[in-house]
Amino acid sequence: VVNRAGAGGVAGIVCWSSIYPLDVVQSRVVGEAQYGAARRYPNVRSCFSTVYREEGLQAFTRGYTAVLLRSGPVNAVLLPVNDAMTPVA
């Protein structure tokens, strides 16, 4: 169980580390209140470039620490629980 918990924690951290910048962009594009021509980010590419140009690389990592503090323990619990709940075939 301890090995599976460790594996789950590491997997959660690796997963969020690889996807976090894309999640930042997705949140900004989807969370925009405007529609049509008035949109600040008409597509993903423009969102990446606008955020990088105006806020720098740091904008893609803002909030990352909180995500890591949550994802490690959550996945360390979820993987062994999922293993325990999965019926053996």
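Above: the structure in question.
Definitions and cut-offs
Residues numbered from 1 in each chain as written. Predicted model: local features only at pLDDT ≥ 70, side-chain atom pairs only at ≥ 80, totals over all residues. Heavy atoms only, no water. Helix = DSSP H or I, 4+ residues; strand = E, 2+ residues; numbered from the N terminus. Rg over C-alpha atoms; globule rule 2.2 N^0.38 Å. Buried < 20%, exposed > 50% of the residue type's maximum accessible area, 1.4 Å probe, protein only. Contact = heavy atoms within 4.5 Å. Areas by Shrake-Rupley, 256 points an atom, 1.4 Å probe, with all protein chains shown as cover. Lys, Arg positive; Asp, Glu negative; His and termini not counted. Charge placed at Lys NZ, Arg CZ, Asp CG, Glu CD. Expected span 1.5 Å × (residues − 1). Polar contact = N/O pair within 3.5 Å; in protein donor to acceptor, adjacent residues only side chain to side chain.

Tallying secondary structure elements over the protein gives 3 helices and 0 strands in all. Ordering the α and β elements of the protein from the N terminus gives α-α-α. Taking 2.2 N^0.38 as the reference for a compact globule, 89 residues should give roughly 12 Å; the C-alpha atoms of the protein span a radius of gyration of 18 Å, well beyond that estimate. Taking the principal axes of the C-alpha coordinates as reference, the protein spans close to 55 × 30 × 15 Å. Residue burial in the protein is summarised as follows: out of 89 residues, 24% are buried. The contacts in the protein between residues at least 6 apart in sequence include a share of 62% that link residues at least 24 apart. Accessible area for the protein stands at about 6300 Å²; split by element, carbon and sulfur atoms hold 66% of it. A distance of 3 Å separates the average location of the 8 positive side-chain charges in the protein from that of its 5 negative side-chain charges.

What follows covers helix H3 (residues 64–85). For H3, built from 22 residues, the straight-helix expectation of 32 Å at 1.5 Å per residue is met to within 8% by its first-to-last C-alpha distance of 31 Å. Within H3 the residues assigned to the buried category are Val67, Ser71, Gly72, Ala76 and Pro80.

It is worth spelling out helix H2 (residues 44–55) at this point. Compared with an ideal rise of 1.5 Å per residue, which puts 12 residues at 16 Å, H2 spans 16 Å between its outermost C-alpha atoms and is within 8% of the ideal. Looking at the buried residues of H2, the elements they touch are helix H1 (2–30). At the N-terminal boundary of H2, the capping side chain belongs to asparagine 43, with an oxygen 3.3 Å from the backbone nitrogen of arginine 45. Glycine 56 sits one or two positions beyond H2 and adopts a positive phi of about 80°.

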